[in-house]
Amino acid sequence: MDNVFDDPRITAVGLLYEAHAGLSARFAAQFEEHGLSAVEFEVLTRLARSPGNQLRMTDLSAQTSLSTSGVTRVVDRLERDGLVTRQACPSDRRSSYAVVTSAGLQRLDETLPGHLRIIEQWFTGQLDPDALRALLDGLRRVRDAVHPCATAGSTDPTIQDEATANGAAPAQR
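These numbers were taken from a predicted model, which means no experiment stands behind them.

**Student:** Any chance you could break down the packing of aromatic side chains for me, citing the residues and the numbers?
**Tutor:** Going through the model one piece at a time under the given rule, you end up with two aromatic pairs. Ring plane angle 25 degrees and centroid distance 4.3 Å describe the contact between Phe 31 and Phe 41, whose orientation is recorded as stacked. Residue Phe 31 is found in helix H1 (residues 8-33), and its partner Phe 41 is found in helix H2 (residues 38-48); the two are separated by ten residues along the sequence. Of the residues examined, Phe 31 reaches a relative accessible area of 3% and is grouped as buried. These aromatic residues form a ring-pair network of at least three members: Phe 27, Phe 31 and Phe 41. It is Arg 26 that lies over the ring of Trp 122; its NZ or CZ is 3.9 Å from the centre.

Next up, the structure:
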């Protein structure tokens, strides 16, 4: 009789959890050296990678899987520290943008070299280029299935429309 716990689906999810936990622990220690939590780093990075270094608060919530109140609390802390500011949305008075400040970009610039070293040493450096491409493709497909709003607001609609009109695929995040 086969052991149900030898199912490769259980192994795949288990390996994903173990890899995530190991990387998260290494990242957390490095973020702490720069006065950031993991979620604060994620918010700053998502803002910095978005057009104009900004996202509507609702898009930021959708991208991070934080509740709207959770995003508000994180943005409040980052705003208090001068790393993010809020701007009113000119087309919708109910919406506002979170915008990373120059101080926020500087904090990212200080944090990124160590973050990239950890990524290279413990993650991407463990894979050859073909394995990394396959992993990225697989992770995007899974991400898009389980978290379809993960890139909400992260592309410039004008650029997106022009790219689509010219037959190009949307930018991959």
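**Student:** If you had to explain unusual backbone geometry to someone new, which residues and values would you point to?
**Tutor:** For Asn 53, which is not glycine, the phi torsion reads 55 degrees and is therefore positive. With respect to the helices, strands and loops of the structure, Asn 53 is situated in the loop between H2 and strand E1 (54-56). Overall, the relative accessible area of 24% leaves Asn 53 in the partly exposed class.

Analysis parameters
- Residues numbered from 1 in each chain as written.
- Predicted model: local features only at pLDDT ≥ 70, side-chain atom pairs only at ≥ 80, totals over all residues.
- Heavy atoms only, no water.
- Phe/Tyr/Trp six-rings, centres within 6.5 Å; stacked < 30°, edge-to-face > 60°.
- Helix = DSSP H or I, 4+ residues; strand = E, 2+ residues; numbered from the N terminus.
- Buried < 20%, exposed > 50% of the residue type's maximum accessible area, 1.4 Å probe, protein only.
- Lys NZ or Arg CZ within 6 Å of the ring centre and 35° of its normal.

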